[in-house]
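Here is how the chains run, residue by residue.
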2 protein chains.
Amino acid sequence: MRATQFLIATQKETPSDAVVISHKLMLRAGMIRKLASGLYCWLPLGLKVLRKVEAIVRQEMDNAGAQEVLMPVVQPAELWQESGRWEQFGPELTRFNDRHQNGFCLGPTHEEVITDLVRNELKSYKQLPANFYQIQTKFRDEVRPRFGVMRSREFIMKDAYSFHTDQTSLEETYAIMHAAYCAIFNRIGLNFRPVEADTGSIGGSGSHEFHVLAESGEDDIAFSDGSDYAANIEKAEALAPAPSTEAAAAKADLTHTPNTKTIEEVSALLNVPSQKIIKTLFVMGTPDEETGKQGLVALCLRGDHALNEVKAEKLAEIASPLTFASDEQIQNTIGANAGSLGPIELGIPVIADRAAAVAVNFTCGANKNDYHFVNCNWGAQANFSRIEDIRNIVAGDPSPCGKGNITIKRGIEVGHIFQLGDKYSKAMNASILDAQGKDSVMTMGCYGIGVSRVVAAAIEQNNDEAGIIWPDAIAPFNVAIVPINMHKSERVAQVCEELHTKLQAKGFDVLFMDEAKARLGSMLADIELIGIPHRIVIGDRGLDNNEIEYKHRSDKESSALKADALFEELCQKLQA
Amino acid sequence: MRATQFLIATQKETPSDAVVISHKLMLRAGMIRKLASGLYCWLPLGLKVLRKVEAIVRQEMDNAGAQEVLMPVVQPAELWQESGRWEQFGPELTRFNDRHQNGFCLGPTHEEVITDLVRNELKSYKQLPANFYQIQTKFRDEVRPRFGVMRSREFIMKDAYSFHTDQTSLEETYAIMHAAYCAIFNRIGLNFRPVEADTGSIGGSGSHEFHVLAESGEDDIAFSDGSDYAANIEKAEALAPAPSTEAAAAKADLTHTPNTKTIEEVSALLNVPSQKIIKTLFVMGTPDEETGKQGLVALCLRGDHALNEVKAEKLAEIASPLTFASDEQIQNTIGANAGSLGPIELGIPVIADRAAAVAVNFTCGANKNDYHFVNCNWGAQANFSRIEDIRNIVAGDPSPCGKGNITIKRGIEVGHIFQLGDKYSKAMNASILDAQGKDSVMTMGCYGIGVSRVVAAAIEQNNDEAGIIWPDAIAPFNVAIVPINMHKSERVAQVCEELHTKLQAKGFDVLFMDEAKARLGSMLADIELIGIPHRIVIGDRGLDNNEIEYKHRSDKESSALKADALFEELCQKLQA
């Protein structure tokens, strides 16, 4: 491809509204342009990368035995009412009426449509398992779109849905898709990890996320340093610590603690380490089945631990979605304000985290404004109803797998696979005839990859101060040919033209910087910014000396290729 | 591909709501399924065809020097307000608010978005011409979606937009795109014609449509039998006939014509051929600039001719969009009812069609209910203000190119190219610096192909009573391998497996009917219905006799390939 026939829209300035590096570099390299909040146009350079990711995903889905389909962006409300999600889904779901006042939405995902399709097409257990995927445009009206295509409103997703007679068959396909996802991210060239994940509101029995490891990731991943264990901290179990051997104090001391609202302030005032302070949080309880009234539930954690809302939300006593009680509700129920609360004679359910439950001689709020108890103990002054794992695992904790300790890394979620079970097939009555000739509700799996997000994640993981460093498999161009003074030297022009033609014929994606009068420095800067893996500079001096300057994007210094064997040596580099 | 791993969803019954043959066959062959009115899911078989059409379109766009981009489905209202189309566009444009109450629409086309993108990215005449295309999902809320994917609400379109310093440059790119479109439809294997087209409301100076010729087409195309001339009848000029040599009658006769409302009825009652009757239609005139009041305009045509609304709408006297006067408006202005109207002392502008204007001794309404004049003549009893070409050309008319006569064929519009001019670039102030360093508004072209419609059009043109007959280039599979009693004969199974593997390795799309116990008759019927071009049937008897049954989809009878040279002979057929 000649640069004069291809939109190179690089920018020197860092765009002011871009926060993360991939967003900055995608704008600066001229890969995308913002159309409106969370809506982006893909320029030719960015689209080349996107299409390469798509092609890898498509090949591996085909290899995994999934069949490609294409479902509409616009979906009828009826199906969403059938599954129950028309009401459940928040404002992320864009709803509208057509000209005949029928309800529709823009598909944020396609469980309903595929379930409807499959219940109509598949009749017999002999047709199962079946696995359908699409690579398609999705829309989610994010409240705060950000990070460019990493969290945009319109995006490209590969979503697949599998259908089974039973859980065993689902698990087989799930394993095949897990392997296909690993193959995809390996082929793309990403440093990634499959991690155990919470199934969240989508339900089901098993789930893995695929995370690209990068400092800028929005998720915390817990890794064991003694095994392959990896899990999203939303999911990672925090084991119960061994009981303390410390002797319990005979009595607790009521202590005046004015102007201390936070754990840090209490710790500083009383000179108590935060792990010896118990914090008490109040959330809304499950509504009473008859009256609909909601009481409060208290959650007790060690001062140095953070509540894991995903874990807490699953407890029967607690309303879903998890909602913190307001100051007013706490004041009315407990008679004290946040900052002075503790598990002392609360008269409501009290759930203690496993680590909090083994604390001895701890400090906690006295449920009296500006007072804490010091040297409190469970069963003496304080009480809990039950012990549960409700905290985030932290670095240094023992791994729940039983081997090694936990380290925490940041990850960008680029894929997610679920064992859905019968959540949708049951609600939508998607059944087949089983081997006994009876109607049997199908078991489902679903499998997503954020195709446009993968592009951004690859940049987050592969960049330096000069720009992007593409993995070979998804680089927009494999190699750049840079001529020096092409308008003055017929020889240079001819060597470049020939090389361009021969490399293209061999199937490489070549960018020929054929803008004759462009400055060498700015061409080289553009190539570094765009992140083209291989680059050669061809000028008369190099040709005279039989030394053509070659540089890989990740090399610090350039090296030399022989001018009289340029094509062969370059092919070796490109195929390495 | 093994049939057991691919959704073959053929149906015997003809779906009740399908009218045209492509819609019926796409449903019966299991290519698409209806999700809701005008919304279709593409099943694996249909999507394979769609992707092959896409690939050909993409290659030829790349060859034509167009650069691929990808723009969002969802577009901000602001841009449409800038171009003026937010108000102009009817309810086909789906408008909605996002969660923050900002206005958006689903893109039925992307002139605004690309113009916005280009005005921001391109700064200098040196960057022109530039041509950008995308293959992308569009949505138009058709009042009456019909004919399956031929006129659906959501569809796949290739849309391209070119930008130029001047008309000459536009015309160069327009010619390149015209040639690219011919290459695309030729490669797909369609019988098509580029035809001159009206530019309609989109404006601009030149336009061609690309029509696939088929009886079921919605458009009438006028062809010359003496030249390459072809035009949509919306556009085709009807030449003025030679003046009549018949002597004008001395006086007209007022004749009682009760119960005659139509040309046919008047013709039968008075025994006058319809071409000697003048019909008079009343449409709304252009509103008065000051008062906004609209008078009526009369249009006179020969009784055997039809009004061309596209031509009429362009006349200065006539309001746009063309609106027929109501019975009440006619009664109030003329004092008579439709069926008895004529160009007699009307007191409003009267436009006579070229053919009507040379009529002699004609019959027309007397503007008195139930009366006609016979032997009327222009300048005597009847008068017109002006002569214009306002009728549809008909078969047998002389071609406007000057060579040969006109025949009319039906066509399906699959492509449309426009010289847009500055309609959008002016409204949206899309300018570049010209060679003199001055701001200059860009000139634009736009170029569309209905990618999903091409699939349906190919079927309309290529089918028989058994099903679809795919052109090779877009067939979902090139060849089908049909085993006989594979579950009983290891030899048959082995020959089929080997052939399947070797043909796939050679790059052919193979469907291996590996469902061991399927009935031969139903497999063959499926293959004919699906329209796979090449088919072989492999059984023990054929292997014994060294004769493998081969049939091309368009052959009436099958022929024999040598079993011991099966792969080679089949490859020859496939590459022919």
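Only a predicted model underlies this, so the values are computations on that prediction, with no experimental measurement involved.

Scoring rules and cut-offs
- In this convention, every chain numbers its residues from 1, walking through the sequence in written order.
- Labels follow written order: the first chain is A, the first ligand is 1, and so on.
- Selection of residues for local features in this predicted model requires a pLDDT of at least 70, selection of side-chain atom pairs for listing and counting requires 80 or more, and totals for whole chains, interfaces and linings are taken over all residues.
- For side-chain calculations, the full set of non-hydrogen atoms in the structure is used, while hydrogens and water are omitted.
- Secondary structure follows DSSP: runs of H or I at least 4 residues long count as helices, runs of E at least 2 residues long count as strands, and numbering of each begins at the N terminus.
- Relative accessibility thresholds used throughout: buried, under 20% of the residue-type maximum; exposed, over 50%; partly exposed, between the two (1.4 Å probe, protein chains only).
- Two residues form a contact once any of their heavy atoms are found within 4.5 Å.
- The term buried area denotes the loss of accessible surface (1.4 Å probe radius) that occurs when two parts are joined, taken as the sum for both partners.
- By salt bridge we mean one thing: a side-chain nitrogen of Lys or Arg within 4 Å of a carboxyl oxygen of Asp or Glu.
- Within 3.5 Å is the distance limit for a polar contact, defined as a pair of N or O atoms, with the added protein rule that one can donate a hydrogen and the other accept it, and that residues adjacent in sequence qualify only through two side-chain atoms.
- Polar here means any residue outside two lists: the nonpolar Ala, Val, Leu, Ile, Met, Phe, Trp, Tyr, Cys and Pro, and the charged Asp, Glu, Lys and Arg; Gly therefore counts as polar.
- Least squares is used to superpose the copies, and the fit set is the C-alpha atoms of residues whose pLDDT is at least 70 in both copies.
- Whether two strands pair depends on DSSP finding at least two bridges between them.
- For every element, the axis is a line fit to its C-alpha atoms; helices are fit only across the contacting stretch, and the angle between N-to-C directions ranges from 0 to 180 degrees.
- Here is the rule for angles: anything less than 35 degrees is roughly parallel, anything more than 145 is roughly antiparallel, 65 through 115 is roughly perpendicular, and the remaining ranges are oblique.
- Note: crossing handedness is left-handed where the near helix turns anticlockwise from the far helix by less than a right angle, and right-handed where it turns clockwise.
- Only the six-membered ring of Trp is used, alongside the rings of Phe and Tyr, when aromatic pairs are assigned; centres must lie within 6.5 Å, and planes under 30 degrees apart are stacked while those over 60 apart are edge-to-face, with the rest tilted.
- When the NZ atom of lysine or the CZ atom of arginine is within 6 Å of a ring's centre and also within 35 degrees of its normal, the charge is said to sit over that ring.
- pLDDT gives the predictor's per-residue confidence on a scale running from 0 to 100.
- Residues belong to a common nonpolar core when they are buried Ala, Val, Leu, Ile, Met, Phe, Trp, Tyr or Cys residues joined through side-chain atoms within 4.5 Å.

Trainee: Lay out the overall build of chain A in plain terms, naming residues and giving numbers.
Mentor: Along its length, chain A carries 16 helices and 30 strands. The principal-axis extents of the C-alpha atoms in chain A amount to approximately 95 × 70 × 50 Å. Evaluated residue by residue, chain A yields a buried proportion of 56% over its 576 residues. Taking the intrachain contacts of chain A between residues at least 6 apart in sequence as the baseline, contacts between residues at least 24 apart amount to 68%.

Trainee: I'd love a proper account of the interface of chain A and chain B, names of residues and values included.
Mentor: Quoted interface sizes are often the accessible area lost when the parts come together. Opposite the 51 residues of chain A that make contact, chain B presents 51 residues. Together chain A and chain B conceal approximately 4,300 Å² of surface at their shared face, both sides included; 64% is due to carbon and sulfur atoms. Among the residues of chain A in contact with chain B, Leu35, Leu70 and Arg99 of chain A are the three that bury the most area, contributing 17% of the side total. Between chain A and chain B we count 8 salt bridges in total. Note that arginine 99 of chain B is salt-bridged to glutamate 92 of chain A, the shortest N-O span being 3.4 Å. The interface formed by chain A and chain B contains 22 residue pairs in polar contact (both at pLDDT 80 or more). Looking at the side of chain A that touches chain B, the element that brings in the most residues is helix H2 (residues 44–63) of chain A, giving 5 residues. Across the side of chain A that touches chain B, the residue classes break down as 33 nonpolar, 5 polar and 13 charged.

Trainee: Tell me what's going on with the relation of the copies chain A and chain B, and back it up with residues and numbers.
Mentor: The two copies are related by a screw operation: chain A maps onto chain B through 180° of rotation and 0.1 Å of translation along the axis, at an RMSD of 0.2 Å. Each copy turns onto its partner about a two-fold axis. Closest to the rotation axis within chain A is the C-alpha of phenylalanine 96 of chain A, separated from it by 3.2 Å. An overlap of 100% is found between the interface residues of chain A and their copies at the interface of chain B, pointing to a shared contact surface.

Trainee: Lay out the sheet that holds strand E15 (residues 296–302) of chain B in plain terms, naming residues and giving numbers.
Mentor: All names here are of chain B. The 4 strands are arranged E14-E15-E16-E19 in an open sheet whose pairing can be described as mixed. The open sheet terminates on both sides in strands that have one partner only, identified here as strand E14 (278–284) and strand E19 (386–388). Across the sheet, the mean angle from the axis of one strand to that of its neighbour is 30°, orientation sign disregarded. The pairing of strand E16 (residues 350–353) with E19 spans 3 bridges and is parallel.

Trainee: Tell me about unusual backbone geometry, and please be specific about residues and values.
Mentor: All names here are of chain A. Note that the residue after leucine 128, namely proline 129, is joined by a cis bond; omega there is 0°. Notably, asparagine 361 is not glycine yet its phi reads approximately 50°, a positive angle. Counting through the fold element by element, asparagine 361 comes out in the loop between helix H10 (354–357) and strand E17 (362–365). Judged by its relative accessible area of 10%, asparagine 361 falls in the buried class.

Trainee: Got a sec to walk through the packing of H2 of chain A against helix H6 (residues 167–188) of chain A? Specific residues and values, please.
Mentor: Residue and element names in this part refer to chain A. Between H2 and H6, the least distance of the axes is 9 Å, while the angle of their chain directions is 150°. As judged from the angle between their axes, H2 and H6 are roughly antiparallel. Note on packing geometry: the crossing formed by H2 with H6 is right-handed. Here H2 contributes Val53, Ile56, Val57, Gln59, Glu60 and Met61 to the contact with H6, which in turn contributes Met177, Ala180, Tyr181, Ala183, Ile184, Arg187 and Ile188.

Trainee: Could you give an account of the pattern of salt bridges, with specific residues and numbers?
Mentor: Close approach of charged atoms allows side chains with opposite charge to pair. Following the criterion strictly, the structure yields 74 salt bridges over all chains and no others. For aspartate 116 of chain A, the salt bridge goes to arginine 119 of chain A, with nearest N and O atoms at 2.8 Å. Here arginine 119 of chain A and aspartate 116 of chain A lie together in helix H5 (residues 111–121), a separation of 3 residues that amounts to about one turn. Arginine 119 of chain A gets classed as buried once you look at its relative accessible area, which sits at 18%. A salt bridge links glutamate 112 of chain B to arginine 85 of chain B, with the shortest nitrogen-to-oxygen separation between them at 2.7 Å. In this pair, glutamate 112 of chain B is assigned in helix H5 (residues 111–121) and arginine 85 of chain B in helix H4 (residues 85–88), connecting sequence segments 27 residues apart. A single salt-bridge network, built from bridges that share partners, covers Arg51 and Glu54 of chain A together with Arg58 and Glu68 of chain B.

Trainee: Tell me about the sheet that holds strand E6 (residues 103–106) of chain A, and name the residues and values.
Mentor: Within a sheet, adjacent strands bond to each other through the backbone by hydrogen bonds, running parallel or antiparallel. Residues and elements named next belong to chain A. Read from one edge to the other, the open sheet built from 3 strands follows the order E4-E6-E5, with strand pairing classed as antiparallel. Looking at which strands have only one partner, the edges of the open sheet turn out to be strand E4 (74–76) and strand E5 (95–97). Here the strands of the sheet are splayed against their neighbours by 40° on average, with no regard to which way each runs. Where E5 lies against E6, 3 bridges are found, and the strand directions are antiparallel. Paired with arginine 95 across the strands is cysteine 105, a residue of E6.

Trainee: Report on the packing of helix H13 (residues 490–505) of chain A against helix H16 (residues 566–575) of chain A, specifying residues and quantitative values.
Mentor: Residue and element names in this part refer to chain A. Taken N-terminus to C-terminus, the directions of H13 and H16 make an angle of 45°; their axes are 11 Å apart at the nearest point. Taken together, the axes of H13 and H16 lie oblique to each other. Regarding H13 and H16, the two cross each other, and that crossing is right-handed. Residue-level inspection shows Val495, Leu499, Lys502 and Leu503 of H13 in contact with H16, the latter providing Leu566, Phe567, Leu570, Cys571 and Leu574.

Trainee: So what's going on with the side chain of asparagine 131 of chain A? Which residues, and what values?
Mentor: Residue and element names in this part refer to chain A. Of note, asparagine 131 is situated in strand E7 (residues 130–139). With relative accessibility at 7%, the residue asparagine 131 sits in the buried group. Here asparagine 131 is in contact with Gly65, Ala66, Gln67, Ala160, Tyr161, Ser162, Thr173, Met177 and Tyr447, once residues within four sequence places are set aside.

Trainee: Can you explain the packing of aromatic side chains? Please cite residues and give values.
Mentor: Per the stated rule, a full pass over the model turns up 23 aromatic pairs over all chains. The interplanar angle of 65° and the centroid separation of 4.8 Å between the aromatic rings of tryptophan 378 of chain A and phenylalanine 384 of chain A together place this pair among those described as edge-to-face. Between phenylalanine 185 of chain B and phenylalanine 192 of chain B, the ring centres sit 5.6 Å apart and the planes meet at 50°, which makes this aromatic pair tilted. Like phenylalanine 185 of chain B, the residue phenylalanine 192 of chain B is buried in the burial classification. An aromatic cluster is built from Phe96 and Phe104 of chain A together with Phe96 and Phe104 of chain B, whose rings are joined through pairwise contacts. The ring of phenylalanine 147 of chain A carries the charged tip of arginine 146 of chain A above its face, separated from the ring centre by 5.3 Å. In this arrangement the basic side chain of lysine 409 of chain A is found over the ring face of phenylalanine 223 of chain A, its NZ or CZ atom lying 5.4 Å from the centre.

Trainee: Before we move on, could you go through the environment of alanine 160 of chain B and cite the residues and values that matter?
Mentor: All names here are of chain B. Structurally, alanine 160 can be placed in strand E8 (residues 154–164). The class of alanine 160 is buried, set by a relative accessible area of 0%. Along the primary structure alanine 160 and isoleucine 135 are separated by 25 residues, whereas in three dimensions their C-alpha atoms are 8.9 Å apart.

Trainee: Got a sec to walk through the confidence of the model for chain A? Specific residues and values, please.
Mentor: With 99% of its residues at a pLDDT of at least 70, chain A reaches an overall mean of 94. The ipTM assigned to the predicted complex is 0.90, against a pTM of 0.91.

Trainee: Please give an account of the nonpolar core that cites residues and values.
Mentor: The biggest cluster of nonpolar side chains holds 80 residues, and the ones touching the most others in it are Leu106 of chain A together with Leu106 of chain B. Filtering out sequence-adjacent residues up to four positions away, leucine 106 of chain B remains in contact with Val74, Phe96 and Leu106 of chain A together with Val73, Val74, Leu93, Thr94, Phe96 and Phe139 of chain B.

Trainee: Could you give an account of the environment of aspartate 564 of chain B, naming the residues involved and the relevant values?
Mentor: Inspection of the secondary structure puts aspartate 564 of chain B in the loop between strand E30 (559–561) and helix H16 (566–575). Separated by 18 residues in sequence, aspartate 564 of chain B and asparagine 546 of chain B have C-alpha atoms that sit 6.5 Å apart.

Trainee: Any details on the pairing of strand E10 (residues 206–213) of chain A? Residues and values, ideally.
Mentor: Residues and elements named next belong to chain A. Here E10 lies mainly inside the structure; 7 of its 8 residues are buried. Taken together, the 5 bridges between strand E9 (residues 192–196) and E10 define a ladder with antiparallel strand orientation. By the bridge assignment, glutamate 196 is partnered in E10 with histidine 208. With 8 bridges joining them, E10 and strand E20 (residues 406–421) adopt antiparallel strand pairing. Bridging across to E20, serine 207 finds its partner in phenylalanine 418.

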